[in-house]
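# Structural description and commentary
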Amino acid sequence: MIKFLDLEKINNRFREEIDSELKEILDSGWYLQGKKNQKFAENFAEFCGVKHCLGVANGLDALNLIIKAYGFSNGDEIIVPANTYIASILAISQNGCTPILVEPDIKTYNINPDLIEEKITERTKAIMVVHLYGQAVQMKKIWELAKKYNLKIIEDSAQAHGSVYDGIKTGALGDASGFSFYPGKNLGCMGDGGCVTTNDDELFEKIKAIANYGSDRKYHHIYKGVNSRLDEIQAAVLNVKLKYLDKDNARRREISKYYRENIKNRIIILPETYDESAHVWHVFAVRTPERDRFQKYLEENNIQTIIHYPTPPHKQGAYQEWNNLSYPISEEIHRTVISLPISPVMTDDEVERVTEVINEYR
Ligand SMILES: *Cc1c(COP(=O)(O)O)cnc(C)c1O
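Owing to the predicted nature of the structure, the values given are computational and were not obtained by experimental measurement. (Residues numbered from 1 in each chain as written. Predicted model: local features only at pLDDT ≥ 70, side-chain atom pairs only at ≥ 80, totals over all residues. Heavy atoms only, no water.)

### A closer look at the overall build of the protein
Heads up, the rule is: Labels follow the DSSP assignment, with helices taken as runs of H or I lasting at least four residues and strands as runs of E lasting at least two, numbered in each case from the N terminus. To get the radius of gyration, use the C-alpha atoms; to get the globule rule, take the number of residues to the power 0.38 and multiply by 2.2 Å. Partly exposed residues are those whose accessible area sits between 20% and 50% of the maximum for their type, while under 20% is buried and over 50% is exposed, using a 1.4 Å probe and protein chains only.
Within the protein, the secondary structure is distributed over 12 helices and 13 strands. For a compact globule of 362 residues, the expected C-alpha radius of gyration is about 21 Å, and the protein comes in at 20 Å, within 12% of that figure. The dimensions of the protein, computed from C-alpha atoms along their principal axes, are 65 × 55 × 40 Å. Taken over 362 residues, the protein has a buried fraction of 56%.

Structure follows, in structure tokens:
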């Protein structure tokens, strides 16, 4: 069986290093807000090329905290792609803001920058870009719009650790960025985890306080905060794995290149990238009108696939108020997309086998 993602194999590469980190934490008796967090925040800020990083409990919290710290609420509008994972949209509505959905570009799967301006109103406060499947959004036009209308840019970088646009890494492309370290992400911990990155000193101090019960110093609460922290165990695991992230992303690029050069089947549409460094291939999503039959065929050939995602947010029960709206491009993507196995631990044999089986599909 070729697994979609072999997490055991991924993490076992670092068993000795992780073991020794865990032992150190057990010996120290210090589990939260300690040295491991400090070190990871420094390392990840440096990796992204930003001033500040704060470890938080998960990716959804990271986005939530950014919106909260900006004080967006009460029907403030935030623009977001219609075809994202629901977390991006939940972070907006959980703050009492209105998500304004914008159709993606069917080639990049990312928000179509040409469709944003017509959605900007008096109430628009921010544009949330989502670097979907690991490909950094083409930011030029979005930067221009943010400047013209005085909007904040919030990045959802949960799928795009290490991808680059115009020489700048995700995490540094907007005013603030949220990352997830959910185990299956390109940089994943052994449980839940996330972080916020930003160059904004004031925003950073505010997020730090809000994430810690609204407290800027012990027993002194200036905001109605929340509890959202990255624990020392997760920070330690991330410190180990961050060292190998560039190498892992390079292997993902290699696999994607092989797939894109060698998969040849006229009913399979391959993903494209506008620049190799922009894409870290968190997901290798192909499209086909016969998605279900194709998935069943791969399964019969012992190849595991996943669908990211079967239902668009506006068709979910959680957003019944949108169920009658139509976002045809987003719907087309959700109806046809299917993700092939890709990971830093896949062998050449496995990659070739997946390719061969797909090329034999009729
Ligand atoms: C994984 C993911 C999130 C949420 O991260 P969690 O750590 O699971 O809360 C948000 N946005 C996108 C695009 C994601 O893929």
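### Quick word on helix α4 (residues 59-70)
This is how the line gets drawn: One less than the number of residues in a helix, times 1.5 Å, gives the span that helix is expected to have. Pairs of N or O atoms are called polar contacts if they sit within 3.5 Å, as long as, within protein, a hydrogen donor faces a hydrogen acceptor (for residues adjacent in sequence, only side-chain-to-side-chain pairs).
Between the first and last C-alpha of α4 there are 17 Å, a value that for 12 residues agrees with the 16 Å anticipated at 1.5 Å per step. Burial runs high along α4: nine of the 12 residues are buried. Those residues of α4 not exposed but buried are G59, A62, L63, N64, L65, I66, I67, A69 and Y70. Put simply, N58 is the residue that caps the front of α4, since its side-chain oxygen is 3.1 Å from the backbone nitrogen of L60.

### Here we look at the site of the ligand
Inclusion rule: Throughout, the term near means that a residue has one or more heavy atoms lying within 4 Å of the molecule or strand in question. Only the protein chains shown count as cover for residues, and all accessible areas are computed by the Shrake-Rupley method using a 1.4 Å probe. Gly counts as polar in this scheme, as do all residues outside two lists: the nonpolar Ala, Val, Leu, Ile, Met, Phe, Trp, Tyr, Cys and Pro, and the charged Asp, Glu, Lys and Arg.
With respect to spatial proximity, the complete set of residues near the ligand consists of N58, G59, L60, Y85, A87, V130, D156, A158, Q159, S180, K185 and G193. A distance of 2.8 Å separates an oxygen atom of the ligand from a polar atom in the backbone of G59. At 2.9 Å, a backbone N or O of L60 approaches an oxygen atom of the ligand. Protein chains bury 90% of the 380 Å² of accessible surface belonging to the ligand in isolation. For the shell around the ligand, the class distribution of residues is five nonpolar, five polar and two charged.

### A closer look at the state of the cysteines
Here is the rule we go by: Disulfides are defined as pairs of cysteine sulfur atoms found within 2.5 Å of each other.
Taken as a whole and judged by the stated rule, the model has zero disulfides. You can see C189 has no disulfide; the closest cysteine sulfur is in C195, sitting 11 Å from it. According to the relative accessible area criterion, C189 is buried, its value standing at 1%. The closest cysteine sulfur to the non-disulfide-bonded C195 is located on C53, 3.8 Å from its own sulfur.

### Here we look at the packing of aromatic side chains
Describing an aromatic ring pair means giving the distance of the ring centres and the angle of the ring planes. The condition is simple: Put simply, two rings from Phe, Tyr or Trp (the six-membered ring, in Trp's case) pair if the centres are within 6.5 Å, and we call them stacked under 30 degrees between planes, edge-to-face over 60, tilted for the rest.
Applying the stated criterion across every chain, the model contains 16 aromatic pairs. Between F44 and F181, the ring centres sit 5.6 Å apart and the planes meet at 90°, which makes this aromatic pair edge-to-face. One end of the pair, F44, is in helix α3 (residues 35-48); the other, F181, is in the loop between β8 (176-180) and β9 (194-198), and 137 residues separate them in sequence. What makes F181 buried here is its relative accessible area of 0%. Ring centres of F294 and Y361 lie 5.1 Å apart, and the angle between their planes is 65°; this geometry places the pair in the edge-to-face category. Taken as a pair, F294 in helix α10 (residues 291-300) and Y361 in the segment after α12 (348-359) lie far apart in primary sequence, 67 residues in all. Judged by relative accessible area, F294 falls into the buried class, the value being 0%.

### Digging into the pairing of strand β13 (residues 337-340)
Keep this limit in mind: Paired strands, as defined in this entry, are two strands with at least two bridges between them according to DSSP.
Burial along β13 is two-sided: the face carrying V337 and S339 and the face carrying I338 and L340 are both buried. As defined by bridge partners, strand β12 (residues 284-287) adjoins β13 across four bridges and the pair is classed as antiparallel. Counterpart to F284 in the pairing with β13 is L340.

### What about the side chain of D156?
Under the convention used in this document: Only four residue types enter the charge count: Lys and Arg as positive, Asp and Glu as negative, with His and the chain ends excluded. Take a side-chain nitrogen of Lys or Arg and a carboxyl oxygen of Asp or Glu: if they are within 4 Å of each other, that pair is a salt bridge. The contact criterion used throughout is that any non-hydrogen atoms of two residues lie within 4.5 Å.
With respect to the helices and strands, D156 occurs in strand β5 (residues 152-156). Buried charged residue D156 carries no salt bridge. Nearest counter-charge: K185, at 6.9 Å. Within the structure, D156 has its side chain in polar contact with the side chain of S88 (distance 2.8 Å). Look past the residues within four positions of D156 in its chain and what remains in contact with it is L63, S88, M128, V129, V130, H131 and G178.

### Re the pattern of salt bridges
Counting across every chain of the model gives 21 salt bridges. The salt bridge involving K243 is made with E17; its shortest N-O contact spans 2.4 Å. Placement of the pair is K243 in the loop between α8 (232-242) and α9 (245-262) and E17 in helix α2 (residues 15-28), with a sequence separation of 226 residues. We classify K243 as exposed; its relative accessible area is 55%. For E17, a relative accessible area of 26% corresponds to the partly exposed category. The shortest N-O distance in the salt bridge between E24 and K36 comes to 2.7 Å. Of this pair, E24 sits in helix α2 while K36 sits in helix α3; the two residues are 12 residues apart in sequence, bridging distant segments of the chain. Shared partners join several salt bridges into a network, and the residues in it are E21, E24 and K36.

### Here's the deal with the packing of α3 against α8
Let me state the cut-off plainly: Axis geometry follows a simple rule: fit a line to the C-alpha atoms, using only the stretch in contact for helices, then measure angles between N-to-C directions, giving values from 0 to 180 degrees. Working rule for handedness: look at the near helix, and if it is turned counterclockwise from the far one by less than a right angle, call the crossing left-handed; if clockwise, right-handed.
One can describe the packing of α3 onto α8 by two numbers: an axis separation of 8 Å at closest approach and a directional angle of 40°. Considering how the two elements wind past one another, α3 and α8 form a crossing that is left-handed. Note on element contacts: α8 touches α3 through E232, A235, A236, L238, N239 and L242, opposite K35, K36, N37, K39, F40, N43, F44 and F47. Looking at side-chain class alone, the contact of α3 with α8 contains seven nonpolar, three polar and four charged residues.

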